[in-house]
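# Fold and contact review
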Amino acid sequence: MGNLVLHLDSIQKSFGGLRALVNVNLHVEEGKTHAIIGPNGAGKSTLLNVCVGRLKPDSGTVTFDRQELTGKKPHEIAQIGVARVFQTPEIFQDLSLLENVMIPALAKRDGSFRLSFYQGIRNQNEIRDEAEQILEDVGLQEHLDQNAGSLSRGDKRRLELGMCLILHPRLLLLDEPTAGMSRHDTNRTIDLLKQIKEGGMTKIIIEHDMHVVFSLADKVSVLARGKIIASGLPGDVREDPVVKEAYLGGAHE
Ligand code: ADP
Ligand code: MG
């Protein structure tokens, strides 16, 4: 077993009377891809929201690389090297693709958009070059100056991935990154995510598409009604009767 870098310990989160996360424990190895699967409403997005500081858990802790994330603000968690692709793309519709990818890098530098004038210009050119490279990596190089709002849903997801990659995260959280993509685009995204695996980045991927899960995941955990009901190697989890019952059977939409 390698170095465990991300620890979720005894996470609980309720919305009114609804127990969205019930005593969730998850430990992720550095550089690995850990998939979280489970029926709609199982609590998967809630779990990622807790990791990135958008939601405060009622109890429990999240620790990444020995730093506790629980209680930190989203931008502080981003500074630690945690980035996330949301279930609904959060992009700047009226800005160009290039601007969209540059903004997170500009904002990261001092936690705000304020830049000193000449430091700003110097770094901006470097950031622009890198943003162009990243747009090429995610397969959007032909649309650099196009407004992001005009992209298809699948391309918006790829753009958002680019907005994460420019931050060089050490932990990347992906909430259904291939939702709304054609099979062709899904396969391209799988290839891209496989490539960035080599950089040693740790990833958590929430995914409905079993082809994506089994192509990418080193380990799989199954969340059902807020509880982790199975965790293990993809092949083992797939054969687990409890999982078949709860997820791969009738519950899958
Ligand atoms: P998943 O991503 O697995 O589909 P979610 O984490 O989005 O599930 O939601 C888990 C449960 O929590 C669902 O029943 C959902 O309706 C509920 N829920 C999620 N976010 C909120 C919220 N902000 N307020 C109230 N209920 C919520
Ligand atoms: Mg969700």
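All figures in this text were calculated on a predicted structure; none of them were measured in a lab.

Inspection of the secondary structure puts N49 in helix α1 (residues 44-51). Residues in contact with N49, not counting those within four places in the same chain, are R54, L55 and R84.

With respect to topology, four strands assemble into an open sheet ordered β2-β1-β4-β5, the strand pairing being antiparallel. Looking along the sheet, the strands with just one partner apiece sit at the ends: β2 (18-29) and β5 (67-68). When strand β1 (residues 4-15) meets strand β4 (residues 59-64), the two strands line up antiparallel, connected through five bridges. The residue bridging H7 from the neighbouring strand is T63, located in β4.

Our focus in this paragraph is the state of the cysteines. The final tally for this structure, using the stated rule, is zero disulfides. No disulfide involves C51; its nearest neighbouring cysteine sulfur is the one of C164, lying 14 Å away.

Further remarks concern the sheet that holds strand β9 (residues 219-224). Pairing is mixed in the open sheet, where six strands are placed in the order β6-β7-β8-β3-β9-β10. The open sheet terminates on both sides in strands that have one partner only, identified here as β6 (82-85) and β10 (227-232). Taken over all neighbouring pairs, the strand axes of this sheet differ in orientation by 15° on average, direction set aside. Where β6 meets strand β7 (residues 171-175), four bridges bridge the pair, whose relative direction is parallel. Note that in β7 the partner of R84 across the bridge is L173. Contacting β3 (33-37), β6, β7, β8 (202-206) and β9, α1 crosses the sheet at an angle of about 150° to β7.

The next point concerns the domain arrangement of the protein chain. By the assigned domains, the protein chain splits into domain 1 (1-81 + 169-177 + 203-253) and domain 2 (82-165). Put simply, the middle of domain 1 and the middle of domain 2, counted by C-alpha atoms, are 26 Å apart. On the domain 2 side, the residues contacting the 20 residues of domain 1 number 13 residues. Both faces combined, the contact of domain 1 with domain 2 buries some 1400 Å², and carbon together with sulfur accounts for 52% of it. Ranking the residues of domain 1 by area buried against domain 2 places R54, Q79 and D175 at the top, with a combined share of 30%. The tally of links between domain 1 and domain 2 comes to two salt bridges. For R84, the salt bridge identified is with D175, shortest N-O distance 3.7 Å. Connecting domain 1 to domain 2 are nine residue pairs in polar contact (both at pLDDT 80 or more). Listed by contribution, the elements that provide at least two residues to the side of domain 1 that touches domain 2 are α1, α2 (74-80) and β7. It is β7 that contributes the most residues to the side of domain 1 that touches domain 2, five residues altogether.

This part covers the site of ligand 1. Taken together, the neighbourhood of ligand 1 is formed by F15, L18, A20, P39, N40, G41, A42, G43, K44, S45 and T46. Expressed as a share of its isolated accessible area of 560 Å², the protein-covered part of ligand 1 is 59%. Within the residue set of the shell around ligand 1, elements represented by two or more residues are β2 and α1. Ranked by residues supplied to the shell around ligand 1, first place goes to α1 with three residues. Its residues placed into classes, the shell around ligand 1 shows five nonpolar, five polar and one charged.

Below, the discussion takes up a negative patch on the surface. There is a patch of like negative charges on the surface, built from E99, E126, D129, E132 and D145. Among the elements that make up the negative patch, the one with the highest residue count is helix α4 (residues 117-137) (three residues). Counting through the fold element by element, E126 comes out in helix α4. Judged by relative accessible area, E126 falls into the partly exposed class, the value being 46%.

The buried fraction of β9 amounts to five of the six residues, a majority that puts the element mostly inside the structure. Here β9 pairs with β10 via five bridges, running antiparallel. In the sheet register, V220 faces β10, and the bridge partner there is G232. Hairpin remark: β9 followed by β10, antiparallel, with two residues in the connecting loop; positive phi at R225, about 50°.

Reading the values: the criteria
Residues numbered from 1 in each chain as written. Chains lettered and ligands numbered in written order. Predicted model: local features only at pLDDT ≥ 70, side-chain atom pairs only at ≥ 80, totals over all residues. Heavy atoms only, no water. Helix = DSSP H or I, 4+ residues; strand = E, 2+ residues; numbered from the N terminus. Contact = heavy atoms within 4.5 Å. Pairing = 2+ DSSP bridges. Disulfide = S-S within 2.5 Å. Axes fitted to C-alpha atoms, helices over the stretch in contact; angles between N-to-C directions. Domains from an automatic or database assignment. Buried area = accessible area lost by both parts, 1.4 Å probe. Salt bridge = Lys/Arg side-chain N within 4 Å of Asp/Glu carboxyl O. Polar contact = N/O pair within 3.5 Å; in protein donor to acceptor, adjacent residues only side chain to side chain. Near = heavy atom within 4 Å. Areas by Shrake-Rupley, 256 points an atom, 1.4 Å probe, with all protein chains shown as cover. Nonpolar A, V, L, I, M, F, W, Y, C, P; charged D, E, K, R; others polar. Patch = residues over 30% accessible without salt bridge, like charges linked within 9 Å, V, L, I, M, F, W, Y side chains within 5 Å. Lys, Arg positive; Asp, Glu negative; His and termini not counted. Charge placed at Lys NZ, Arg CZ, Asp CG, Glu CD. Buried < 20%, exposed > 50% of the residue type's maximum accessible area, 1.4 Å probe, protein only.

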